[in-house]
Amino acid sequence: MSNDPIQKINQRLSQIPKAYKGIYKKAVQGKSLRAAVNAQCLECTGWQRKEITLCTAKACPLYAIRPYQEILQDGHNEAFSAVESKNSEQGYIG
Ligand code: SF4
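Everything in this summary refers to the structure shown in the same document.

1. As for the site of the ligand
Link 1 in the chain: Looking at the ligand, the residues that line it are Q40, C41, C44, T45, I52, C55, A57, C60, L62, Y63 and R66.
Link 2 in the chain: When residues in the shell around the ligand are grouped by element, the largest group, three residues, is from helix α3 (residues 33-44).
Link 3 in the chain: Tallied by class, the residues present in the shell around the ligand amount to eight nonpolar, two polar and one charged.

Shown next, in the form of structure tokens:
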């Protein structure tokens with residue numbers, strides 16, 4: 001396995017659902033702490049946002065600030081949907 005960080009990032013990006021690639025990319029570029037938290041929670045749950053809402057790990061350092069704590073009746077969290085939408089358009093590193 002390569003030690004090249006860009007190659008590792010691109011390898012991981014290839015395994016991330018399209019809707020979340022932009023969040024991950026923004027996080028690993030160090031552009032946003034919010035994106036880093038969101039990406040970590042998404043990765044923790046296998047990229048299943050509903051599982052973040054249902055997270056019970058109150059001892060986790062990210063628990064209090066995790067995304068998707070409240071899902072609207074239409075199934076979307078407006079604040080994070082906007083971030084996802086914007087980020088998913090940014091594509092891959094490299
Ligand atoms: S808050 Fe929950 S979903 Fe987020 S990283 Fe911690 S355990 Fe995982």
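2. Quick word on α3
Link 1 in the chain: Between the first and last C-alpha of α3 there are 16 Å, a value that for twelve residues agrees with the 16 Å anticipated at 1.5 Å per step.
Link 2 in the chain: Those residues of α3 not exposed but buried are A35, N38, A39, C41 and L42. Relative to the axis of α3, the buried residues are bounded by an arc of 165° and lie together on one face.
Link 3 in the chain: Of the residues trailing α3, G46 is marked for its positive phi of about 70°.

Conventions we followed
- Residues numbered from 1 in each chain as written.
- Predicted model: local features only at pLDDT ≥ 70, side-chain atom pairs only at ≥ 80, totals over all residues.
- Near = placed C-beta within 6 Å.
- Helix = DSSP H or I, 4+ residues; strand = E, 2+ residues; numbered from the N terminus.
- Nonpolar A, V, L, I, M, F, W, Y, C, P; charged D, E, K, R; others polar.
- Expected span 1.5 Å × (residues − 1).
- Buried ≥ 20, exposed ≤ 12 C-beta atoms within 10 Å, placed from the backbone.
- Arc of directions from axis to C-beta.

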